[in-house]
Structure formats: structure tokens, C-alpha cells
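Residue strings, one per chain:
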Amino acid sequence: MWEFEIVTIEKAAPPTASPADPWYRYTIANRITEISGVRRGSRDEVAQFVSHSVQRLNARHKLPSFSRSI
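Calculation rules
- Residues numbered from 1 in each chain as written.
- Predicted model: local features only at pLDDT ≥ 70, side-chain atom pairs only at ≥ 80, totals over all residues.
- Heavy atoms only, no water.
- Helix = DSSP H or I, 4+ residues; strand = E, 2+ residues; numbered from the N terminus.
- Buried < 20%, exposed > 50% of the residue type's maximum accessible area, 1.4 Å probe, protein only.
- Contact = heavy atoms within 4.5 Å.
- Areas by Shrake-Rupley, 256 points an atom, 1.4 Å probe, with all protein chains shown as cover.
- Pairing = 2+ DSSP bridges.
- Expected span 1.5 Å × (residues − 1).
- Arc of directions from axis to C-beta.
- Phe/Tyr/Trp six-rings, centres within 6.5 Å; stacked < 30°, edge-to-face > 60°.
- Lys NZ or Arg CZ within 6 Å of the ring centre and 35° of its normal.
- Polar contact = N/O pair within 3.5 Å; in protein donor to acceptor, adjacent residues only side chain to side chain.

1. Thoughts on the overall build of the protein chain
For the protein chain, the count of helices and strands is 1 helix and 3 strands. Residue burial in the protein chain is summarised as follows: out of 70 residues, 24% are buried. Considering only contacts within the protein chain whose residues lie at least 6 apart along the sequence, 35% involve residues at least 24 apart. Here the protein chain displays about 5700 Å² of accessible surface, and carbon together with sulfur accounts for 50% of that area.

The following block contains the structure:
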């Protein structure tokens with residue numbers, strides 16, 4: 001199975017007109033898909049969010065898919 005995992009979490013420049021809070025850029029990937037994003041918060045908060053996202057993606061990926069014949 002091709003499970004998602006955290007590739008990187010690194011400090012990023014804040015978007016324009018954003019509060020002075022820290023921002024982080026993250027990358028999640030498996031063998032065929034790469035997902036990148038940015039999130040505001042401490043590194044621990046962002047890491048927790050990304051970890052939870054990976055868990056949800058992997059749980060969703062493990063659900064059985066059903067096909068129907070018409």
C-alpha cells in the first residue's frame with residue numbers, strides 16, 4: 001500500500017497582510033501523489049495538524065471501494 005507520510009515541515013514567509021504569527025510550509029507524499037500547503041501556528045501545532053491529516057488520508061485510502069455493474 002502507498003501510505004502518505006510527512007516529507008517536510010519548514011518555516012515559510014507569511015502571506016501579505018497576515019499577522020506576525022509564524023507560518024510553515026509542509027509537504028505530504030506517497031509514491032504517486034505530493035501535497036504541499038502552508039499553515040499558521042507554532043511548529044508543534046503545524047506538525048500536529050499535518051500528522052492528523054496524514055492519518056485521515058491513510059485511513060480513507062484503506063477503505064474498501066465498491067464497484068457496481070449496471
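2. A word on the pairing of strand S3 (residues 34-40)
One ladder, built from 7 bridges, connects strand S2 (residues 23-29) with S3; its direction is antiparallel. Each bridged residue has a counterpart across the sheet, and for arginine 25 the counterpart in S3 is valine 38. The antiparallel hairpin formed by S2 and S3 contains 4 residues in its connecting segment.

3. Here's the deal with helix H1 (residues 43-62)
Helix length check: H1, at 20 residues, gives a terminal C-alpha distance of 28 Å against a target of 28 Å (1.5 Å per residue), a fit within 8%. If you check which residues of H1 are buried, you get Val46, Val50, Ser53, Val54 and Asn58. Looking straight down H1, one finds its buried side chains confined to an arc of 130°; they lie on one side. Facing away from the buried side of H1 by over 90 degrees, the exposed positions are Asp44, Gln48, Gln55 and Arg60.

4. Observations concerning the packing of aromatic side chains
All chains considered together, the criterion is met by 1 aromatic pair. Lying over the aromatic face of phenylalanine 49, arginine 39 brings its terminal NZ or CZ to 3.8 Å of the ring centre.

5. Topic: the side chain of threonine 27
On the secondary structure map, threonine 27 appears in strand S2. At 3.5 Å, the side chain of threonine 27 and the side chain of serine 36 are in polar contact.

6. Examining the pairing of S2
Consecutive side chains along a regular strand alternate between the two faces of the sheet. Burial analysis of S2 places 6 of its 7 residues in the buried class, the great majority of the element. Bridge count for strand S1 (residues 5-12) against S2 is 7 bridges, and the pairing is antiparallel. Bridge pairing in S2 places threonine 8 opposite threonine 27.

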